Amino acid sequence: MKGKNLLFSILAFLLGFSTITYAAAAYQLVPQNDGEGESQIQIKNNPEAYFHMLRVNKKTGTINPADVVKASQQADLLFKDGSEIDLTWENKGPDNVGGRTRALIFDNKDANATTLIAGGVTGGLWKSENLGLTWNKINITDANLNVSALIQDENGTIYAGTGDGYDGTVFGTGIYKSTDGDNFTVIESTIPDVNSEEKEWAFIYKLALQNNRLLAATNTGLKYTNNDGAEWSTAVYIDSTGTAIELTGVCTDIKVSGNGLIAAVVDNKVYTAVSDPVQFELQSKYEEVNDSTINFPDKLPFKNVGRAEIAISPSAPETIYVTMAKLGFGSLKGVFKSINNGKTWRVILPENNNFDIYEEQGLHANTIAVSPTNPNKICVGGKNLWVGTEVDPTGYYDWGTAPYTSGALLSIPTYVHYMHHDYIFRPGHPETMIICTDGGISISNDNLETFRNIIKNYSTTQCNSIAFNQFGNVFTGTMNNGSQYIGDGTNGPTFGKEIWSNGANNAGTGGYVAISQISKEVMFLTNPGETQTEFRRTEDQGFSFANEFIPGTITTTNAVQPFIMWESFNDYKSGDSITLYARTLLPKDTTVWLQSYNRDYPFKYTLPHTLEEGDSMRVQDPITNIFLLAIRNSLYMSREALDFSKEPEWWQLAEAKGIATAITVSADGKSAYVGLESGELVRVDHVRDAYSFETADMSSPYSVIASSTIFTAENQALTSVAVDPQNNEHVILTLGNYGEENYVYETFNALDEEPVFESIQGNLPKAPAYSSLIEMNDGERIIIGTEFGVYASTAPNEWIALNNGMGKVPVTMLRQQTMTKWGFEVPTGDPANPTEYFPGITNTGVIYASTYGRGTFEARNFVGIQDQPEDGSITSSTVSSLNVYPNPVQNNAFVEMKLNEAQQVSTYIYNLNGQLLQIHNAGTMAAGDQKIELNTSKLNAGTYIINVQAGSQNVQAKFIKVD
């Protein structure tokens, strides 16, 4: 049993038994009782605190649930059909990484106990009918419920509570009910009242059933209904004087035993009642007055309690357990047990500085469950799972020497994602337990010996950012699941591979990410470290990392750190150059292939004059990469981000006073924009003209850079900036923070000294907007990502929701592939392999979105096929449509195309390294719709490029091969 049967005795505590303790990393909105009846809120610096900063009403310092509910109702009015803009979203994964999950039940209508219903905190309701092997979304009329609690009655009716106060103001929309497990409707009496000062039903922490009575633990007390929600009452406790007092504090837990006992946590004090919710008694009375006096020594403590959770034994309903975490960082306060329905209590694991089973995460992750067959064995979860077993009816429990689970390595049998929120035993199978975590759902089928993830297609990942390569493979920074690279084809098109998480697998947090279009193996990412944000770059898709990237003089603690790259394959203004050496006579007008300073990328050059053998000349290098990093107070730039032989040189272009929250660059690379938490927008000009410290750094008297603040919003953070790819003067910006009137602005003179920005809020919900873009083909197509999904407009102040396939979910970033590059062959001089193929960009026009609860998405509505003849000009293509199916493919792939004229057609299949693997000559094909069948059975699993040559023209597509 992995060394877990050692008695953990008092001696171990006295000897200072050591265990690994990790720094707390969770942002909390936790009702914490300080012992004097006051509730507190604890906020820590991580991405959840970052998004809280972008959401909170700056004038009040809080988020009014009424503002959220009003905005949600406004959003519901914008779901219409018939828009002239259409976006159809396809989920891009990761399908092997889940998001934060606090609630799960076994559907009792399934006698085999293989049907699961789960709820993501920001990912909605999901169902699995095969014990978690695969999942399907339960769609609720475009809603994406913030699920916090689930319960099912004996008749099969399921109740889902929404709104999770532990996750930092994830507000709810009420309690939802389903009689068939597929269709949920809200109980109208639980819809938060936007006019209520009490903000009832904003958070529903837990649900419980007592016969036909439904009980709800809410932010305004313990409520119950005897008529399925038609009327609600507030539970009452009787104090020491016999006075009846309503339990109107923050109620975070409610449990009901098999014998009718009700146990609840209100303001982190424990109350119990024998069947009647108006006869509660206070159990949290223990108090050390001095060394010799203890009040109520057989009761529970109430001072310095940050969170308390309850569990009742299924096999011995008079046995109750309570776990407590302390105020502050959430370390262990104690684990307590009662064997007489809560009348008296004893400690079974006391507070100890050297043995903290929560690992300082007890405010964020805190759960307890009793073995269904042994009332004296419990599972307690914080960062990991610990099991306590009674070895002495009057002493401490045996807790072993290590947790049963570890989030350290995916390959070990005890791996379960960090941060545990619920433990559920499978009915009729006590050896099987489900674990709900920050990373989705895991299962053990062998009495907690081994574990495995069950999150296939459980698309609930909370993503902070998105990037993509030239083939459409996606890269995203996530909450609690590191930075995930998706779609390399190794394990399917939506499978995520963690690139770097600053520690244990899928346990870190990813901020901004980027992939070079010049070199698809080169990636950039950040991760909030314990003291400051850490930057990383890799030139081999995460197999190794450069030791040096950002100098120690550039530091930041911004959890979601903005940066962006501007790249070009044909920078006619480039100030970089390489040296061409003539090994033989090279006549004037000779075309040669040269290699760029940036990743040795090849480019053609035509000689303007004759070079004799041995001569040399300087040639402009048109392959350009500019990396822009906006940290607190400053914008930095480097032109050497792709050079892994050294630490890049960085120049401070300009000051941007405050916390950077947004960054973008114009399509021509001339102007960069930095948005700040203060609401300011800083424009930095002549970026593309800066090539050295002298011309770039603001401390240089010869710097060509100019910067100015061109917009300021009061009481709102600037969350995104978008520049029209066809018009540098056309700029959109979005703003955050509830309690305001306008969240989207537009200007058509962005390069003027004082641009005029006008609100285009129109009929949009009055809620934070986080992302924006102007579609590359039409400057009138404005698309924004908001707290409640994606909206688009082609007319001033008229918006429509475009969340088909996505749902109403926060959209943290929108990006479109605006670059175009055609594949080409370069002579190698090797007779065995005379040419090397360099794939082009196959995803031009695709729009990508990262969401905070539903993973990543792509929309291909604006993708079109263009072709590049030899002279480099763009003309109408011989091939006007191209499709490869099925995609992914196993054995045979079919290439469908439409030829505008009869042509000789050949297909070439390349891997992503440019190696030619397969040629198929289809002969002359007539104009019209055509289809070619290709045998791909001998290809290894992975991603491939197919180049279709029709006459002298070429078009490309990507497909994925799976085993």
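The shown structure was predicted, so the numbers you read here are calculated from the model rather than taken from an experiment.

Rules behind the numbers
Residues numbered from 1 in each chain as written. Predicted model: local features only at pLDDT ≥ 70, side-chain atom pairs only at ≥ 80, totals over all residues. Heavy atoms only, no water. Helix = DSSP H or I, 4+ residues; strand = E, 2+ residues; numbered from the N terminus. Rg over C-alpha atoms; globule rule 2.2 N^0.38 Å. Buried < 20%, exposed > 50% of the residue type's maximum accessible area, 1.4 Å probe, protein only. Contact = heavy atoms within 4.5 Å. Salt bridge = Lys/Arg side-chain N within 4 Å of Asp/Glu carboxyl O. Pairing = 2+ DSSP bridges. Axes fitted to C-alpha atoms, helices over the stretch in contact; angles between N-to-C directions. Disulfide = S-S within 2.5 Å. Core = buried A, V, L, I, M, F, W, Y, C linked by side-chain atoms within 4.5 Å. Polar contact = N/O pair within 3.5 Å; in protein donor to acceptor, adjacent residues only side chain to side chain. Expected span 1.5 Å × (residues − 1). Phe/Tyr/Trp six-rings, centres within 6.5 Å; stacked < 30°, edge-to-face > 60°. Lys NZ or Arg CZ within 6 Å of the ring centre and 35° of its normal. pLDDT = per-residue confidence, 0-100. 1 Å grid on protein atoms, 1.4 Å probe; cavity = no way out; pocket = protein on both sides within 12 Å on 5 of 7 lines; lining within 4 Å. Points joined across faces, edges and corners; volume = space filled by probe spheres on them. Nonpolar A, V, L, I, M, F, W, Y, C, P; charged D, E, K, R; others polar.

Let us now look at the overall build of the protein chain. Broken down by element type, the protein chain carries 4 helices and 72 strands. Its C-alpha atoms give the protein chain a radius of gyration of 30 Å, near enough to 30 Å, the size a compact globule of 963 residues would have. Oriented by its inertia axes, the alpha-carbon framework of the protein chain measures out at about 105 × 60 × 60 Å. Within the span of the protein chain, comprising 963 residues, buried residues form 61% of the whole. Within the protein chain, residue pairs in contact and separated by at least 24 positions form 57% of the contacts whose partners lie at least 6 positions apart.

Right, let's talk about the pattern of salt bridges for a bit. Tallying each qualifying case throughout the model produces 31 salt bridges. Ionic pairing is found between Lys-808 and Asp-76, a salt bridge with its closest N-O pair at 2.7 Å. A residue pair is termed long-range when its members are at least 10 positions apart, and Lys-808 in the loop between β60 (798–801) and β61 (811–816) and Asp-76 in helix α3 (residues 65–76) qualify at 732 residues. Ionic contacts of the salt-bridge type, sharing partners, join the residues Lys-206, Asp-253, Lys-255, Arg-307 and Glu-309 into one network.

On to the sheet that holds strand β69 (residues 916–925). One open sheet accounts for 4 strands, arranged β69-β68-β71-β72; its pairing is antiparallel. For this open sheet the edge positions go to β69 and β72 (953–961), each flanked by a neighbour on one side alone. Averaged over all pairs of adjacent strands, the angle between their axes in this sheet comes to 20°, without regard to strand direction. Relative to β69, strand β68 (residues 903–911) runs antiparallel, the two sharing 8 bridges. Within β69, the residue paired with Gln-903 across the bridge is Met-925.

Right, let's talk about the state of the cysteines for a bit. A complete count under the given rule lists 0 disulfides for this structure. Summary of cysteine pairing: Cys-379 is not part of a disulfide, and the nearest cysteine sulfur, belonging to Cys-436, is at 13 Å. The exposure class assigned to Cys-379 is buried, which follows from its relative accessible area of 3%.

For the rest of this paragraph, the subject is the nonpolar core. Within the largest apolar cluster, 80 residues are counted, with the highest numbers of intra-cluster contacts made by Phe-524, Phe-627, Leu-628, Leu-629, Leu-635, Leu-653 and Val-684. Considering every element that reaches this core, the biggest residue donor is strand β46 (residues 624–631), with 6 residues. Setting aside residues no more than four positions away along its own chain, Leu-635 makes contact with Leu-628, Leu-629, Ala-630, Trp-651, Gln-652, Leu-653, Ala-654, Ile-663, Ala-672, Val-674 and Val-684. Among the nonpolar cores identified, the runner-up in size contains 43 residues, and Ala-208, Leu-222, Ile-254 and Tyr-791 belong to it.

Moving on to unusual backbone geometry. At the junction of Gly-93 and Pro-94, the peptide bond is cis and its omega measures out at 5° in the coordinates. In this structure, Pro-94 sits in the loop between β1 (89–93) and β2 (101–106). At the junction of Asn-887 and Pro-888, the peptide bond is cis and its omega measures out at 15° in the coordinates. Non-glycine residue Asn-268 carries a positive phi angle of around 60°. For Asn-268, the location among the structural elements is in the loop between β17 (261–266) and β18 (269–274).

A separate point is the environment of Asn-195. Turning to its location among the elements, Asn-195 is positioned in the loop between β9 (185–186) and β10 (204–210). As a C-alpha pair, Asn-195 and Pro-888 span 693 residues in sequence and 51 Å in three-dimensional space.

It is worth spelling out the pairing of strand β41 (residues 563–568) at this point. A large share of β41 lies buried, amounting to 6 of its 6 residues. Every second residue of β41 is oriented toward a common face, with Phe-563, Met-565 and Glu-567 on one face and Ile-564, Trp-566 and Ser-568 on the other, all of them buried. Pairing analysis gives 6 bridges linking β41 to β46, with the strands arranged antiparallel. From the neighbouring strand, Phe-563 faces β46, where its bridge partner is Leu-629.

Looking now at the environment of Gln-462. The topology assignment puts Gln-462 in the loop between β33 (452–453) and β34 (467–468). Along the sequence, Gln-462 and Thr-856 sit 394 residues apart, while their C-alpha atoms lie 9.0 Å from each other. Excluding anything up to four places from it in sequence, Gln-462 contacts Arg-100, Thr-122, Gly-477, Thr-478, Met-479, Asn-480, Thr-851, Tyr-852 and Gly-853. Within polar-contact distance, the side chain of Gln-462 engages the side chain of Thr-122 at 3.1 Å.

Under the 1.5 Å per step criterion, the end-to-end length of α3 is 17 Å for 12 residues, consistent within 8% with the ideal 16 Å. Inspection of α3 places Pro-65, Ala-66, Val-68, Val-69, Ala-71, Ser-72 and Ala-75 among the buried residues, and these make up the whole buried set. Where the residues of α3 are buried, they touch β59 (789–795). The N-capping residue of α3, defined by a side-chain oxygen 2.9 Å from the backbone nitrogen of Ala-66, is Asn-64.

On to the packing of aromatic side chains, then. For the coordinates displayed, the defined rule picks out 31 aromatic pairs. Consider the rings of Phe-203 and Tyr-205, whose centres lie 6.3 Å apart with planes at 55°: the pair is tilted. Each member of the pair, Phe-203 as well as Tyr-205, carries the same accessibility label: buried. With a centroid separation of 5.3 Å and 10° between ring planes, the pair formed by Trp-593 and Phe-824 is classed as stacked. With Trp-593 in strand β43 (residues 591–595) and Phe-824 in strand β62 (residues 824–827), this residue pair connects regions lying 231 residues apart in the sequence. Using a relative accessible area of 13% as the deciding quantity, one classes Phe-824 as buried. Taken together, the ring pairs connect Tyr-512, Phe-524, Phe-549, Phe-563, Phe-627 and Trp-650 into an aromatic cluster. Taking the ring centre of Tyr-166 as reference, the NZ or CZ of Arg-307 above it sits at 3.7 Å. It is Lys-497 that lies over the ring of Phe-543; its NZ or CZ is 3.9 Å from the centre.

Bringing the environment of Asn-139 into the picture now. Mapped onto the elements of the fold, Asn-139 is located in the loop between β5 (136–137) and β6 (147–152). Relative accessible area serves as the criterion here: at 60%, Asn-139 is assigned to the exposed category.

Here we have 4 strands laid out as an open sheet, ordered β23-β24-β25-β26, and antiparallel in their pairing. The open sheet has two edge strands with one neighbour each: β23 (305–312) and β26 (346–350). Along the sheet, successive strands turn relative to each other by an average axial angle of 20°, direction set aside. Where β23 and strand β24 (residues 320–326) come together, 7 bridges link them in antiparallel fashion. Among the inter-strand pairings, Ile-310 is bridged to a residue of β24, identified as Val-322.

Glancing now at the confidence of the model for the protein chain. Predicted confidence across the protein chain gives a mean pLDDT of 88, with 91% of residues reaching 70 or more. Below pLDDT 50 for its whole length, residues 866–876 participates in 21 contacts with residues either more than four positions away or in separate chains.

A few words now on empty space enclosed by the protein. What the rule picks out here adds up to 2 cavities of 30 Å³ or more. By volume, the largest cavity amounts to about 90 Å³. Counting only elements with at least two residues in the lining of the largest cavity, the list comes to β10 and β23. Of all the elements, β10 adds the most residues to the lining of the largest cavity, at 3 residues. Tallied by class, residues from the lining of the largest cavity come to 3 nonpolar, 5 polar and 5 charged.

What follows deals with the side chain of Ser-596. Within the secondary structure, Ser-596 is located in the loop between β43 and β44 (602–606). A distance of 2.9 Å separates a polar atom in the side chain of Ser-596 from a polar atom in the side chain of Asp-621. Excluding residues that lie within four positions of it along the chain, Ser-596 makes contacts with Tyr-601, Phe-603, Asp-621 and Ile-623.

With that settled, the discussion passes to the side chain of Lys-520. Relative to the helices and strands, Lys-520 is located in the loop between β38 (513–515) and β39 (523–528). Within the structure, the side chain of Lys-520 is placed 2.5 Å from the side chain of Glu-521, a separation counted as a polar contact.

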